[in-house]
Amino acid sequence: MAALTEEQTLIQDQAKSWAVEQAPVQAFRQMRDSGIAQRFDNTTWSSMVELGWTGILVAEEFGGSNLGYLTFSVILEELGRQLTASPLFASALVGATALNIAGSPAQQQALLPKIVDGSEILTLALEETPRHAPEQIALSAQTKGDGLVLNGQKTFVSEGMAATTFIVAVRTTGGITLVLVPAQAPGLSREALATMDSRGYAQLNFDNVAVAGDAILGTLDQGGEPLQAILDRARAGLSAEMLGTGSQAFDMTLEYLKTRQQFGRVIGSFQALGHRAASLFTTMELSRSCAEAALQAIDAGADDVPLLCSLAKCRVGEFLHEMSNQLIQIHGGIGMTDEFDAGFYLKRARVLETMYGNRSYHRDRYATLLGF
Amino acid sequence: MSDQDLNAFQEDAAAWLATHFPASLRHKIGGDFETNKEIAADLEVWRQRLAEQGWGAPTWPRQYGGAGLTDPQAKVVQEEMRKIGAANHIPVIAGMGVTMVGPTLLEYGTEAQKQKHLPGIASGEVRWCLGLSEPNAGSDLASLSTKAVAQGDEFIVNGQKIWTSGADISQWCGALVRTDAEAKKRDGISFVMLPMDQPGIETRPIRLIAGASPFCETFFNDARADKTDLLGDLNDGWSVVKRLLQHERQSQTTARGGQAKEQPLYDVAKAYVGVTDTGQLADADLRNRLASHLMDAQAHRLTIGRVTAEAKGKVEVSAAASILKNSATKVAQTKSELVVELMGSQGIGWEGAHFKDEELARVREWLSGKAISIYGGSFEVQNNIISKNILGLPETTQKG
């Protein structure tokens, strides 16, 4: 990554060696084969908590280090390279961001220290339809006293089986409202979604789930704007993870081009493949610039965060889409086998692409933001 | 240099410009300013003042006609000029001198060569062209056949060059010539500098698909180059030209268009295509492709910024220059294709009053832009460079 500070470089080195040693793709394979319900390994997760990664977006008064999104993302990139499964993104990025942006002091005091020490896992319960549509949230929330009663479904909830508290986006009379709902709330049930990337997602059913007024995150009916701000930070973080996944796929492919022999020479000496590698490299470098610009803009509090986050999610998405296909194609038959890791990268690539808006969603949003 | 020093420098630069830049030239330096007779006299005054200040090639050492400025200082000068509608036109009137020949001379030239050639370039008095490509040596430049034979204190040069931009108006030429026919093709090439005003050189302008062009064919018929004007070692011209072309790529990495005052492409599109009642471009397919293009353009600009930030404090030309050339090419050519397409039947004009000047200019720019993926190492050659030099893939497709 570009022009990192000394501290960021240290964290990057630490994350790289930790991921390679403690949570490499072989560990992901073991986790998948074990069939564990929550879809990540508890020892891995505890180790991340001990390293302090859960506190990077949390203020020092709540036990965090407050180092910002670019710093968080150098870790996500390394985890993306190894396909390390954990609730780090869902809880310590999305969850902490939601509390930072919309939480009351009491809510922050109650939850942020627990995100940091890992005793709570937060996640955003957003999607209701197959396509990302945060403006069209329909989950019903009836007013009852100063609180709300929720009825409906949420799907594609990241780490939904392991989460202890959900940030639920609901439709209230005057707009969208964000609500904190404990996983144990009466009337709330969850089912695991068996997704192709073997990671943890859940579908949630709300059957007259009652929450008190102090569970509302931010202001009643005014959740639409903070939701977009939370989503943009999530998209930038995802872009970093996707960049890591794609960069690893690129490195694997390049290594194979240099070692696999056919027709008496290494296949990387064929110009058709050399040019494909050059083209993928160019796309990778261009998309890296977009992801970094989005993260830097968030840290700097710049005005063009929404535009840059859509640019990043779309451009990194295009790189990863093409790269994951070429990972299989260039590896040939071995790439099709489950024994080889290429399939993990392809499947994870598509899930990441779908999360919080795919390429066409963000291309459309980019055009709309520019005014055409 | 501290920010404080840079601020002081900025004030000095602004003060100097306020008293030395002729007001008559404000916003006039651009386009076809070289043929604008009304400003010719003031332009010459401005050239002399720039040259005296060393600002024609501001980062070059003072003893060679530069001002010895740091990159940030040179940027300040450029920015101060932009603010008042001024510009440094010496890099334009020196042809390939300031952007390519000069930087290469600074690196490979002898002290005598630097003293002889650099001041004329920095002052804009000597225009340079480059004789590299030949009719049968385009992308495969190393197969060139223009010959130079040593004779006494001189080389005698025979052969033909093509795409010698500005050859018909240049005073000097840097040429790649074969000096050893027996060696492997890259090992028998030298880089010589020779004056254009001599009986053995003839130039012929080339008309292109977009109309008149700066390009020429240049014929060498017993042309003479002084042996002291050999740049780099004999038969080591390939290293010299590789460096020269890096400087060329560096100067080409800014995508054309996207200049500050230009109307945004989506506004041009709205004017021709119309909008829906929600304000979206009426042609949904064009809207998608336009958004994709604008994303490419922004990704390219961000990458230039990133490369600059990463290179902070380093002087060498970054390897990423190869990536930026192809990226710039794609952005520029896609933009031209889109703008011609969205103008519909107003985008098919060649000349005449039925078409607006800017419509005709866009058509010509689209046509001349086809060269961007050909010159300075074609799109395909750039991909060879990336796969071999940056990714370390083996080379088997090129011989010699």
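Residues numbered from 1 in each chain as written. Chains lettered and ligands numbered in written order. Predicted model: local features only at pLDDT ≥ 70, side-chain atom pairs only at ≥ 80, totals over all residues. Heavy atoms only, no water.

Q: Is there a simple way to explain the overall build of chain A in this structure?
A: Within chain A, the secondary structure is distributed over 12 helices and 10 strands. For 372 residues, the compact-globule estimate of 2.2 N^0.38 gives 21 Å, and the C-alpha radius of gyration of chain A, at 21 Å, lies within 12% of that figure. With the C-alpha coordinates aligned to their principal axes, the bounding extent of chain A is approximately 80 × 50 × 40 Å. The buried share among the 372 residues of chain A stands at 61%. In chain A, 74% of the contacts between residues at least 6 apart in sequence involve partners at least 24 apart. Measuring between centres, the 27 positive side-chain charges of chain A sit 9 Å from its 40 negative side-chain charges. (Helix = DSSP H or I, 4+ residues; strand = E, 2+ residues; numbered from the N terminus. Rg over C-alpha atoms; globule rule 2.2 N^0.38 Å. Buried < 20%, exposed > 50% of the residue type's maximum accessible area, 1.4 Å probe, protein only. Contact = heavy atoms within 4.5 Å. Lys, Arg positive; Asp, Glu negative; His and termini not counted. Charge placed at Lys NZ, Arg CZ, Asp CG, Glu CD.)

Q: Looking at this structure, I do not really get helix α8 (residues 271–300) of chain A. What am I missing?
A: Think of an α-helix as 3.6 residues a turn; residues three or four steps apart then line up on the same face. In this model, α8(A) (30 residues) spans 43 Å end to end at C-alpha, consistent with the 44 Å of a helix rising 1.5 Å per residue. At the exit of α8(A) stands A:Gly301, carrying a positive phi of roughly 65°. (Expected span 1.5 Å × (residues − 1).)

Q: Before we go on, may I ask you to explain the domain arrangement of chain B in this structure?
A: Where interface size is given, it is often the accessible area lost as the parts come together that is meant. The assigned domain composition of chain B is domain 1 (3–93), domain 2 (128–237) and domain 3 (253–390). Using C-alpha coordinates to define each centre, domain 1 of chain B is positioned 32 Å away from domain 2 of chain B. (Domains from an automatic or database assignment.)

Q: Just to check I follow, could you spell out the packing of helix α9 (residues 305–331) of chain A against helix α12 (residues 359–370) of chain A for this structure?
A: In a pair of packed helices, the angle between the axes and the distance between the axes together describe the arrangement. Residues and elements named next belong to chain A. In contact at an axis separation of 9 Å, α9 and α12 are set at 150° when each is read in the N-to-C sense. Judged on the interaxial angle alone, α12 and α9 are roughly antiparallel. α9 and α12 meet at a crossing whose hand is left-handed. For the pair formed by α9 and α12, the contact residues are Pro 306, Leu 307, Ser 310, Leu 311, Lys 313, Cys 314, Gly 317, Glu 318 and His 321 on the first element and Arg 359, His 362, Arg 363, Arg 365, Tyr 366, Leu 369 and Leu 370 on the second. Grouping the constituent residues of the contact of α9 with α12 by class yields 7 nonpolar, 4 polar and 5 charged. (Axes fitted to C-alpha atoms, helices over the stretch in contact; angles between N-to-C directions. Parallel < 35°, antiparallel > 145°, perpendicular 65-115°, else oblique. Left-handed = near helix turned anticlockwise from the far one by under 90°. Nonpolar A, V, L, I, M, F, W, Y, C, P; charged D, E, K, R; others polar.)

Q: Looking at this model, I keep getting lost on the nonpolar core. Mind explaining?
A: The tendency in soluble globular proteins is for nonpolar side chains to be buried side by side. Residue and element names in this part refer to chain A. Core analysis: the largest hydrophobic core is formed by 150 residues, its most contacted members being Leu 88 and Val 181. When residues in this core are grouped by element, the largest group, 15 residues, is from helix α7 (residues 224–259). Sequence-distant contacts of Val 181, that is, excluding residues within four places in its chain, are made with Leu 150, Thr 165, Phe 166, Val 168, Leu 188, Phe 206, Val 209 and Val 211. (Core = buried A, V, L, I, M, F, W, Y, C linked by side-chain atoms within 4.5 Å.)

Q: Help me out: how do you make sense of the environment of B:Glu134 in this one?
A: Residue and element names in this part refer to chain B. Inspection of the secondary structure puts Glu 134 in the loop between β1 (128–131) and β2 (147–151). Placed 33 residues apart in sequence, Glu 134 and Val 101 show a C-alpha to C-alpha distance of 19 Å. Other than its neighbours up to four places away in sequence, Glu 134 contacts Leu 144, Ser 145, Thr 146, Gln 160, Lys 161, Ile 162 and Leu 176. In terms of polar contacts, Glu 134 uses its side chain to reach the backbone amide nitrogen of Ser 145, at 2.7 Å. (Polar contact = N/O pair within 3.5 Å; in protein donor to acceptor, adjacent residues only side chain to side chain.)

Q: Which parts of the structure should I look at to understand the packing of aromatic side chains?
A: To describe a pair of aromatic rings, you give the distance between the ring centres and the angle between the ring planes. Residues and elements named next belong to chain B. For the coordinates displayed, the defined rule picks out 12 aromatic pairs over all chains. Summarising the aromatic geometry, the rings of Trp 128 and Trp 172 are spaced 5.6 Å apart at their centres and angled 25° between planes, so their arrangement reads as stacked. Separated by 44 residues along the polypeptide, Trp 128 in strand β1 and Trp 172 in strand β4 (residues 172–178) bring together distant segments of the chain. If you follow Arg 364 out to its NZ or CZ, it ends over the ring of Trp 350, 3.7 Å from the centre. (Phe/Tyr/Trp six-rings, centres within 6.5 Å; stacked < 30°, edge-to-face > 60°. Lys NZ or Arg CZ within 6 Å of the ring centre and 35° of its normal.)

Q: Help me understand the side chain of A:Thr71, please; the structure alone is not making it clear to me.
A: Within the secondary structure, A:Thr71 sits in helix α4 (residues 69–82). Once you skip the residues sitting within four places of it in the chain, A:Thr71 turns out to touch A:Gln8, A:Ile11 and A:Ile56.

Q: For this particular structure, what's the right way to read the packing of α7(A) against α8(A)?
A: All names here are of chain A. It is at 10 Å that the axes of α7 and α8 come closest, and there the two elements cross at 155°. Considering the angle they form, α7 stands roughly antiparallel to α8. The hand of the α7/α8 crossing is left-handed. For the pair formed by α7 and α8, the contact residues are Asp 232, Arg 233, Ala 236, Gly 237, Ser 239, Ala 240, Leu 243, Ser 247, Phe 250 and Leu 257 on the first element and Leu 273, Ala 277, Leu 280, Phe 281, Met 284, Ser 287, Arg 288, Ala 291, Ala 294, Leu 295 and Ile 298 on the second. Residues that form the contact of α7 with α8 fall into these classes: 14 nonpolar, 4 polar and 3 charged.

Q: What exactly am I supposed to notice about the environment of B:Gln73 here?
A: Residues and elements named next belong to chain B. Of note, Gln 73 is situated in helix α3 (residues 71–83). Separated by 267 residues in sequence, Gln 73 and Val 340 have C-alpha atoms that sit 39 Å apart. Polar side-chain contacts of Gln 73 include one of 2.9 Å to the backbone nitrogen of Thr 70.

Q: I keep staring at the pattern of salt bridges and nothing clicks. Help me out?
A: Think of it this way: side chains of opposite charge can pair up when their charged atoms draw near. The final tally for this structure, using the stated rule, is 35 salt bridges over all chains. Between B:Lys116 and B:Asp229 there is a salt bridge, with the nearest N and O atoms lying 2.8 Å from each other. Taken together, the positions of B:Lys116 in helix α6 (residues 111–122) and B:Asp229 in the loop between β7 (216–226) and β8 (230–231) put the pair 113 residues apart, joining distant regions of the chain. A relative accessible area of 2% means that B:Asp229 is categorised as buried. Residues joined in a network through salt bridges with shared partners are A:Arg29, A:Arg32, A:Asp33, A:Asp338 and A:Asp341. (Salt bridge = Lys/Arg side-chain N within 4 Å of Asp/Glu carboxyl O.)

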